[in-house]
Amino acid sequence: MRYPLCCLLVVIFAFASLVPLVAVQGVEIGITPDGRFFTIDGEPTFLNGVSYYGGCSISTPSWVTADLDDMQADGFNWIRVWVIWAFPYGSGGNDYACMTRSGAIREPYMSRLKTLITECNNRGMIVDCTWQRSDGSEWPSAPTNQTEHLAQVNTLTNELLPYRNVYFDLANEHNVTTRNRFVSLSECGQLIDAVHAIDPDRLCTVSKTGHGAFDTQAELNTFYTTTHCQFFAPHLGRYEDVPSLTVGTVQKCVTWMNNLGFRIPFHLQEPFREDWNTSTFDPTIEDFYRDCTGGKIAEAAGWCLHNGSNRDAGDYRPRRSFDMSNSEGRLYDQFAPIIPPEELTVAHNIYSQIGSTDVKIRRYQAEYEEQLTHDIGRKEGFVWSATVSLDGAGYLTRGPGIDTVSAGNHKVAWCLMIDDNTGNNDHVLTIDVYSSGTLASQQVYRHDFTASNTWQLFVLNFTSTGQQDLELRTYWLDQAYIKCDWIQLAMEGASLESPVIAEVILDPDQALEGQEYVKQLTLQQGDPSPIWHVLQGPYDLQVTNDGLVSGWTPGASDVCDPITIEIQATNTAGSDTESWGVTVRSMADFDNDNDVDQEDFGFFQACLSGTGNQQEPLCAPTDLDNDNDVDLNDFTLFQARMGGPNQQPICP
């Protein structure tokens, strides 16, 4: 889901030649009183983030603001940047560290870090500042021992005192033993204590690798008590099975914390990424979706769209967040050219997958067995479905069997689709909320769906007294082909905003005969992320769940008939509708004056190249049959549309 920017503070982007701006006021990261989640300005918030490792490599100020604007529009509220970064690794690489090994400030990199933090602050975003120990072969300015490490920590802690939208990861993957990366648990504790001696309120952690985060409850407890960390930041591994295991991994660690009598946030800080080792695991769009959604419903406190260089390529390209110097481009531009654009697709849609950064909203994706179980049906793309020809009556979805819903009034929404809402008004589904008895239910009939092949929300309100093993069930009666995209639980106190679609400014809008019409709609508000559907428009018009209208290519007959498009966005808080007109310009109207006359013919005549002779680039619009020449066939198409000056073009 993409959100428009609004009410942003305007700042001067200061780099090496200017004094960095200091965030005197701004957002502040914290932890909820129960220890489960992070807060931003006191509000419990899921940290939905992006790796931005080489943030100090950026010397073009507009790239930072453009990237952060894109991130905010995509629902991200957190970035991860390294304070001792260098790339490419080893000799010949560029050192972007903001400190020397001894802790002296390095410019322009310290200034770049501060202005990046300030720009994030102005957008309500959190910044993770990360260190890593090294032998110098990868990061020339990284500390090589505890003395250097402490010197850098003391410097940065003092430098960033005014900035409250920052937390520290003081030893990235502290348990890796190669290239002098290892930092013992006791050393990690000393680093965190050093920060708190200067800045007692700075949130600190040290991250670790491990397929399941921790192997035992005792290991988790030792890590917590020795490092003095205020949240866990595991890197769960880069294996094919990891995305499906995330729910269980988080739940296991949460259970161990509860057993031990303490609770701190469990932050999925650096998951797998593309191009790390394609021979073992090259993640798909679905892997990112599955990992992030699984973490959030299991009560993880945050997740990161990790990205970095292509390790299989000799030049490491695309380098993504690892190198955003002038030769490489900003992060979103490095996402865009990748075919298929998997990371860009994830960036644009991950917010919709999780539903909201509100921790009281949990969106269960029906297609993943570890999130919702199924008695009948099958995975179909990113949904779960059942069809009359293949399935008997039974539960399309069951689960999740949770016991973390407190007493209160709550809301559950099902996102469902039927193939045909006409004909007999059959009873097709029963949806219910169940826990040792039915708390709420609804019988769904065919005509309850307002349109065929269109996503629709069905909402139940229920009151809980703190029941255990809560299930959100969908019973299918073998009467219609049904798809379930997700089921969303919104607990009492969740932030719910009904959608408001930004007005289409150009009304009527223009389309061109023979070219696909595309219009990006945006939301002024809407949380949790809504579903979108077409209420009125050409039969092949579609709208995606980030508000992109496409799929319709106007024909000749559309030139004579004004088109009305009406799009609706709906979430559990309400809905909004936006409509606008579209006039279709004839493809023979080369001068764009809404007629096809002698002036257009003059341009066409000058472009005649003859059969088999490729037209000049400026003459591309006159190749009406798209065969790379302008000949008699194109003239026939032109002649059929010529209506004369100030006249409606002919609609053949």
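Located above this text is the structure these notes cover.
What counts, and where the lines are drawn
Residues numbered from 1 in each chain as written. Predicted model: local features only at pLDDT ≥ 70, side-chain atom pairs only at ≥ 80, totals over all residues. Heavy atoms only, no water. Helix = DSSP H or I, 4+ residues; strand = E, 2+ residues; numbered from the N terminus. Rg over C-alpha atoms; globule rule 2.2 N^0.38 Å. Buried < 20%, exposed > 50% of the residue type's maximum accessible area, 1.4 Å probe, protein only. Contact = heavy atoms within 4.5 Å. Lys, Arg positive; Asp, Glu negative; His and termini not counted. Charge placed at Lys NZ, Arg CZ, Asp CG, Glu CD. 1 Å grid on protein atoms, 1.4 Å probe; cavity = no way out; pocket = protein on both sides within 12 Å on 5 of 7 lines; lining within 4 Å. Points joined across faces, edges and corners; volume = space filled by probe spheres on them. Salt bridge = Lys/Arg side-chain N within 4 Å of Asp/Glu carboxyl O. Phe/Tyr/Trp six-rings, centres within 6.5 Å; stacked < 30°, edge-to-face > 60°. Disulfide = S-S within 2.5 Å. Core = buried A, V, L, I, M, F, W, Y, C linked by side-chain atoms within 4.5 Å. Axes fitted to C-alpha atoms, helices over the stretch in contact; angles between N-to-C directions. Parallel < 35°, antiparallel > 145°, perpendicular 65-115°, else oblique. Left-handed = near helix turned anticlockwise from the far one by under 90°. Nonpolar A, V, L, I, M, F, W, Y, C, P; charged D, E, K, R; others polar. Polar contact = N/O pair within 3.5 Å; in protein donor to acceptor, adjacent residues only side chain to side chain. Pairing = 2+ DSSP bridges.

1. Comments concerning the overall build of the protein chain
So, point 1. Helix and strand counts for the protein chain come out as 11 helices and 34 strands.
So, point 2. Taking 2.2 N^0.38 as the reference for a compact globule, 652 residues should give roughly 26 Å; the C-alpha atoms of the protein chain span a radius of gyration of 28 Å, in line with that estimate.
So, point 3. With the principal axes as the frame, the protein chain shows a C-alpha extent of 85 × 65 × 45 Å.
So, point 4. In the protein chain, buried positions account for 57% of the 652 residues.
So, point 5. Excluding contacts between residues fewer than 6 apart, the proportion of contacts in the protein chain whose partners are at least 24 apart in sequence is 73%.
So, point 6. Across the protein chain, the mean location of the 38 positive side-chain charges is 10 Å away from that of the 87 negative side-chain charges.

2. Remarks on empty space enclosed by the protein
So, point 1. Enumeration over the complete set of coordinates arrives at two cavities of 30 Å³ or more.
So, point 2. Taken as a whole, the largest cavity encloses approximately 50 Å³ of empty space.
So, point 3. Lining the largest cavity are Pro234, Leu236, Val242, Leu268, Gln269, Glu270, Pro271 and Asp291.
So, point 4. Residue lining of the second largest cavity: Phe37, Phe46, Lys296, Glu299, Ala300, Val359 and Arg362, and that is the complete set.

3. Looking at the pattern of salt bridges
A side chain with one charge may pair with a side chain of the opposite charge, provided their charged atoms come close.
So, point 1. One pass over the structure, following the stated rule, counts 36 salt bridges.
So, point 2. For arginine 317, the salt bridge identified is with aspartate 315, shortest N-O distance 3.4 Å.
So, point 3. According to the relative accessible area criterion, arginine 317 is partly exposed, its value standing at 36%.
So, point 4. Owing to a relative accessible area of 34%, aspartate 315 belongs among the partly exposed residues under this scheme.
So, point 5. The closest approach of N and O atoms between arginine 398 and glutamate 471, which form a salt bridge, is 3.8 Å. With arginine 398 in the loop between strand 18 (394-397) and strand 19 (400-402) and glutamate 471 in strand 24 (residues 470-476), the pair connects residues that are 73 residues apart, well separated along the chain.
So, point 6. Arginine 398 sits in the partly exposed class, given a relative accessible area of 26%.
So, point 7. On the basis of relative accessible area, glutamate 471 is assigned to the buried category, the value being 17%.
So, point 8. Each of the salt bridges in this network shares a partner with another, and the network as a whole consists of Asp34, Arg36, Arg263, Glu299 and Arg362.

4. Description of the packing of aromatic side chains
Two aromatic rings are characterised by how far apart their centres lie and by the angle between their planes.
So, point 1. Under the criterion given, the structure shown has 35 aromatic pairs.
So, point 2. Ring geometry for tryptophan 85 and tryptophan 139: centres 6.0 Å apart, planes at 50°, overall tilted. Of this pair, tryptophan 85 sits in the loop between strand 5 (78-82) and strand 6 (86-87) while tryptophan 139 sits in the loop between strand 8 (126-130) and helix 3 (146-159), placing them 54 residues apart in sequence. As far as the burial class goes, tryptophan 85 and tryptophan 139 line up, both buried.
So, point 3. Measuring from centroid to centroid gives 5.0 Å for tyrosine 395 and tyrosine 475, while their planes differ by 80°, and the two rings are edge-to-face.

5. What to know about the state of the cysteines
So, point 1. According to the stated counting rule, one finds one disulfide in the structure shown.
So, point 2. The disulfide partner of cysteine 607 is cysteine 619, and the gap between their sulfur atoms is 2.1 Å. Judged by the torsion about the S-S bond (-75°), the cysteine 607/cysteine 619 disulfide is left-handed. Separated by 12 residues along the polypeptide, cysteine 607 in helix 10 (residues 598-607) and cysteine 619 in the loop between helix 10 and helix 11 (632-639) bring together distant segments of the chain.
So, point 3. Judged by its relative accessible area of 4%, cysteine 607 falls in the buried class.
So, point 4. The thiol of cysteine 253 is unpaired, and the distance to the nearest cysteine sulfur, on cysteine 229, comes to 12 Å.

6. Focus on the nonpolar core
So, point 1. Membership of the largest hydrophobic core comes to 125 residues, with the highest contact counts inside it found for Met71, Leu113, Cys129, Leu156, Phe168, Leu170 and Phe232.
So, point 2. The element that contributes the greatest number of residues to this core is helix 6 (residues 242-260), accounting for seven residues.

7. Some details on the packing of helix 3 against helix 4 (residues 185-198)
For any two helices packed against each other, one specifies the crossing angle of their axes together with the interaxial distance.
So, point 1. Where helix 3 meets helix 4, the closest approach of the two axes is 9 Å, and the angle between their N-to-C directions is 30°. Between helix 3 and helix 4, the angle is such that the two are roughly parallel. When you trace helix 3 past helix 4, the crossing you get is right-handed. On helix 4, the residues that touch Gln146, His149, Leu150, Val153, Asn154, Thr157 and Asn158 of helix 3 are Glu187, Gln190, Leu191, Ala194, Val195 and Ile198.
So, point 2. The residue makeup of the contact of helix 3 with helix 4, split by class, is six nonpolar, six polar and one charged.

8. Let's talk about the side chain of glutamate 471
So, point 1. A polar contact of 3.2 Å, which involves the side chain of glutamate 471, links it to the backbone nitrogen of glycine 399.
So, point 2. Setting aside its immediate chain neighbours within four residues, glutamate 471 contacts Arg398, Gly399, Pro400, Gly401, Asp432, Val433 and Tyr434.

9. As for the sheet that holds strand 30 (residues 531-536)
So, point 1. With mixed pairing, the four strands of this open sheet are ordered in space as 27-34-33-30. For this open sheet the edge positions go to strand 27 (509-512) and strand 30, each flanked by a neighbour on one side alone. Each neighbouring strand pair of the sheet contributes to a mean axis angle of 35°, computed without reference to strand direction.
So, point 2. With nine bridges connecting them, strand 33 (residues 563-571) and strand 34 (residues 574-585) associate as antiparallel partners. Bridge pairing in strand 34 links asparagine 571 to glycine 574.

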